[in-house]
Amino acid sequence: MRFDAIVVGAGFSGMYMLHRLRGLGLSVRVFEAGDGVGGTWYWNRYPGARCDVESMEYSFSFDRELEQEWEWSERYASQPEILRYAEHVADRFDLRRDITFGTRVTGAAYDEADHLWRVETDGGERVAARWLITAVGCLSAARVPDFPGASTFGGASLHTGRWPHEGVDFSGLRVAVIGTGSSGIQSIPVIADQAEHVTVFQRTPNFSVPAHNRPLTPEYQNQVKADYPDLRRQMRESMTGLLGAAGTVPALEVTQEERTREFEARWARGGIPFLGAFTDIAVDPRANELAAEFVRGKIREIVSDARTAELLMPRDHPIGSKRICVDTGYFATYNRPDVTLVDVRSDPIEEITPTGVRTAAAHHEVDVIVYATGFDAMTGPLLRLGITGRGGLSLKRKWEAGPRTYLGLMSAGFPNLFTITGPGSPSVLSNMIVSIEQHVDWIADCVAWLHERGVTAIDADPQAEKNWTAHVDEVSRFTLYPQANSWYMGANIPGKPRVFMPYVGGVGAYRLKCDQVAADGYEGFLLSS
Ligand code: NA7
């Protein structure tokens, strides 16, 4: 079968890409591994799963009626509500008829003679298209560490990113949760409410700020909807794609009283904008430490047991250098008598046994193990597609020492392959929906422009790619991000190259750059007819 475009993935990016390409009159086929749309929100069904961006901001802006008619029930939407939204979008724009569900792309090879991508799936399909667009998300390749004995465990082993659709009843069960990133921090309080006992295995404590989640009133929603044109513009021009995030003064230029007042106000408001309190938190270690110490002080206040509080205080990375968590009652959960914290740095996990988790110091008997152990982020979902470009070069081989892209949109030697929210773009450092819409619009406009001019192939110029990759790296070095062993750096996957993958220059500046490149006739890209 031959299509104009093949899109891999039917999360928010794949759905919107399909909609835009259809609007150009192109034939499109989308392959989606899940049995439904929604991507991240299809897979991550763990208890307490919630977006860390406010609902009114984490939604599509491309269709005015959709934006005005959809109603969010809470400040931070839960996974089921966001999945309902994704399903609504699929229905509203009649997207499902071009999506093949339950099907993974297992190979994609560029046919240089015909300027076509030849794609294979695990369902045995062989299809071809001029344009291949990955919409695979940045956090979709779930990662379970290789603990000895893991397969001998007699109870259920669950990964937060592959949660059973029917849900899990933890009543009366002893539960191990391994991992204290966002997924662990969101799920632990909810699991603790149900389970007989929860043992949390923490390797690195994380900074977390309260969500202060609450129902949204119709008045508030109407106000935001009335202001949407201006608010969406602000988001697109901002650093992170979020509203209300940017402070205007450096922490080091105000008095301690002023700092405390600002931190307290942001803590009381809740959410990621805590990090925007001052302009120097992401770049100056002294300012960063002031913000970090404020959060440690809150942990000290909330957690009754001083030793547990100490273990929960992050000290090995700057605040914000790993995505800050947004929680509901996380630290207070450790005041429960039925929740135990095990520090696996001082007491490492040695093996999983048929009945529990053995650390150096003890055996913890449990009925269920929840792996909240994260993802092979950003490059993982792309590299498992089995992509080969010009001259049979595989993407895996090309990115052996880390991803190399031009603008996070294309990689030289892989013509007509676009990567939505690819490495080298702001992606995970932003409100993903803002970045998704920007990339999808740019790609659709580019494809339309190429069609009009009869251009059959576009590829990144190797020199432009080299310069951009160097720029992504250089900008990251102005910040404290590279100091953390984060998944932004590939540090959570043994053997993965240590490269800071997302672009930290900000979504507003990045958008301007992409628009300028397009306005200049796709500068830095090589076009052939
Ligand atoms: P994260 O943020 O990657 O968190 C994974 C957690 O699992 C983290 O605490 C890890 O500790 C821990 N982990 C990973 N491997 C091990 C082993 N072998 N032993 C013990 N602990 C381990 O993934 P999430 O799913 O929570 O969140 C991903 C993103 O989704 C999040 O940033 C938001 O953007 C939404 P480590 O820190 O590596 O020491």
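Residues numbered from 1 in each chain as written. Predicted model: local features only at pLDDT ≥ 70, side-chain atom pairs only at ≥ 80, totals over all residues. Heavy atoms only, no water.

1. Some thoughts on the overall build of the protein chain
Then, in step 1: Looking only at helices and strands, the protein chain has 15 helices and 20 strands in total.
Then, in step 2: For 529 residues, the compact-globule formula gives about 24 Å, and the C-alpha radius of gyration of the protein chain, at 23 Å, lands near that figure.
Then, in step 3: Once the C-alpha set of the protein chain is aligned to its principal axes, its extents read approximately 70 × 55 × 45 Å.
Then, in step 4: Looking at the protein chain as a whole, 59% of its 529 residues are labelled buried.
Then, in step 5: Once local pairs closer than 6 in sequence are excluded, the contacts in the protein chain between residues at least 24 apart make up 72%. (Helix = DSSP H or I, 4+ residues; strand = E, 2+ residues; numbered from the N terminus. Rg over C-alpha atoms; globule rule 2.2 N^0.38 Å. Buried < 20%, exposed > 50% of the residue type's maximum accessible area, 1.4 Å probe, protein only. Contact = heavy atoms within 4.5 Å.)

2. Remarks on empty space enclosed by the protein
Then, in step 1: Within this structure, the stated rule accounts for 4 cavities of 30 Å³ or more.
Then, in step 2: Computed from the structure, the largest cavity encloses a volume of approximately 70 Å³.
Then, in step 3: Lining the largest cavity are Glu57, Ser59, Ser61, Arg232, Met235, Arg236, Ile433, Val434, Glu437 and Arg511.
Then, in step 4: Among the secondary structure elements, those contributing two or more residues to the lining of the largest cavity are helix 6 (218-237) and helix 13 (432-452).
Then, in step 5: Across the lining of the largest cavity, the residue classes break down as 3 nonpolar, 2 polar and 5 charged. (1 Å grid on protein atoms, 1.4 Å probe; cavity = no way out; pocket = protein on both sides within 12 Å on 5 of 7 lines; lining within 4 Å. Points joined across faces, edges and corners; volume = space filled by probe spheres on them. Nonpolar A, V, L, I, M, F, W, Y, C, P; charged D, E, K, R; others polar.)

3. Quick notes on the sheet that holds strand 7 (residues 156-159)
Pairing between the strands of a sheet is mediated by backbone hydrogen bonds and can be parallel or antiparallel.
Then, in step 1: Spatially, 7-16-8-9-12 is the arrangement adopted by the 5 strands of the open sheet, whose pairing is parallel. In this open sheet, the two strands that pair with only one neighbour each are strand 7 and strand 12 (339-343). Adjacent strand axes in the sheet meet at a mean angle of 20° when their direction is disregarded.
Then, in step 2: Across 4 bridges, strand 7 lies against strand 16 (residues 368-371) in parallel orientation. If you follow Ser157 over to strand 16, its bridge partner there is Ile369. (Pairing = 2+ DSSP bridges. Axes fitted to C-alpha atoms, helices over the stretch in contact; angles between N-to-C directions.)

4. As for the site of the ligand
Then, in step 1: What surrounds the ligand is a group of 19 residues, the closest being Thr180, Ser182, Ser183, Arg203 and Thr204.
Then, in step 2: Take Lys322: an N or O atom from its side chain is 3.0 Å from an oxygen atom of the ligand.
Then, in step 3: When isolated, the ligand has an accessible area of 780 Å², and the protein chains bury 85% of it.
Then, in step 4: Of the residues assigned to the shell around the ligand, the class counts are 7 nonpolar, 8 polar and 4 charged. (Near = heavy atom within 4 Å. Polar contact = N/O pair within 3.5 Å; in protein donor to acceptor, adjacent residues only side chain to side chain. Areas by Shrake-Rupley, 256 points an atom, 1.4 Å probe, with all protein chains shown as cover.)

5. Here we look at the side chain of Gln79
Then, in step 1: Structurally, Gln79 can be placed in helix 4 (residues 79-92).
Then, in step 2: A relative accessible area of 6% means that Gln79 is categorised as buried.
Then, in step 3: Each residue touching Gln79, except ones within four places of it in the same chain, is listed here: Trp41, Asn44, Arg45, Ala49 and Arg50.

6. Considerations on the environment of Glu87
Then, in step 1: Residue position: Glu87 is located in helix 4.
Then, in step 2: Among the residues examined, Glu87 registers a relative accessible area of 31% and is labelled partly exposed.
Then, in step 3: For the pair Glu87 and Gly38, spaced 49 residues apart in sequence, the C-alpha to C-alpha distance is 7.1 Å.
Then, in step 4: In contact with Glu87, other than residues within four places in its own chain, are Val37 and Arg96.

7. Here we look at the packing of aromatic side chains
Then, in step 1: Taken as a whole, this structure holds 37 aromatic pairs when the rule is applied.
Then, in step 2: Here Trp131 and Phe418 contribute two aromatic rings whose centre-to-centre distance is 6.3 Å and whose plane-to-plane angle is 40°, an arrangement assigned as tilted. Here Phe418 lies in strand 18 (residues 417-419) and Trp131 lies in strand 6 (residues 126-134), a separation of 287 residues in the sequence.
Then, in step 3: The class of Trp131 is buried, set by a relative accessible area of 1%.
Then, in step 4: What makes Phe418 buried here is its relative accessible area of 0%.
Then, in step 5: Taking 6.4 Å as the distance between ring centres and 20° as the angle between the ring planes, the aromatic pair formed by Phe147 and Tyr371 counts as stacked. Residue Phe147 is found in the loop between strand 6 and strand 7, and its partner Tyr371 is found in strand 16; the two are separated by 224 residues along the sequence.
Then, in step 6: Among the aromatic residues, ring-to-ring pairing joins Phe12, Tyr16, Trp41, Tyr58, Phe60, Phe62, Trp70, Trp72, Tyr85 and Phe93 into one connected group.
Then, in step 7: Note that Arg45 overlies the ring of Tyr42, its terminal NZ or CZ placed 4.8 Å from the centroid. (Phe/Tyr/Trp six-rings, centres within 6.5 Å; stacked < 30°, edge-to-face > 60°. Lys NZ or Arg CZ within 6 Å of the ring centre and 35° of its normal.)

8. Details of the layout of surface pockets
Then, in step 1: What the second largest pocket holds in volume is close to 860 Å³.
Then, in step 2: If you trace the second largest pocket, you find 41 residues lining it, with Met239, Thr240, Leu275, Ala282 and Tyr481 closest to the centre.

9. Regarding unusual backbone geometry
Then, in step 1: The backbone phi angle of Asp94 is positive, close to 50°, even though this residue is not glycine.
Then, in step 2: For Asp94, the location among the structural elements is in the loop between helix 4 and strand 3 (99-100).
Then, in step 3: On the accessibility criterion, Asp94 (39% relative accessible area) is partly exposed.
Then, in step 4: Unusually for a residue other than glycine, Thr421 sits at a positive phi of about 50°.
Then, in step 5: Residue placement: Thr421 occurs in the loop between strand 18 and helix 13.

10. Let's talk about the nonpolar core
Then, in step 1: By size, the foremost hydrophobic cluster in this structure holds 135 residues, and its most contacted members are Phe12, Phe418 and Trp442.
Then, in step 2: Per element, the largest residue contribution to this core is 11 residues, and it comes from helix 13.
Then, in step 3: If we skip the residues at most four places from it in the chain, Trp442 touches Leu409, Phe418, Cys514, Asp515, Val517, Ala518, Tyr522 and Phe525.
Then, in step 4: Among the nonpolar cores identified, the runner-up in size contains 22 residues, and Trp117, Leu383, Phe414 and Leu417 belong to it. (Core = buried A, V, L, I, M, F, W, Y, C linked by side-chain atoms within 4.5 Å.)

11. Describing helix 1 (residues 12-23)
Then, in step 1: With 12 residues, helix 1 extends 17 Å between its outermost C-alpha atoms, agreeing within 8% with the 16 Å of an ideal straight helix rising 1.5 Å per residue.
Then, in step 2: If you check which residues of helix 1 are buried, you get Phe12, Ser13, Gly14, Met15, Tyr16, Met17, Leu18, Arg20, Leu21 and Arg22.
Then, in step 3: Remark: Gly25 follows helix 1 within two positions and exhibits a positive phi of approximately 85°. (Expected span 1.5 Å × (residues − 1).)

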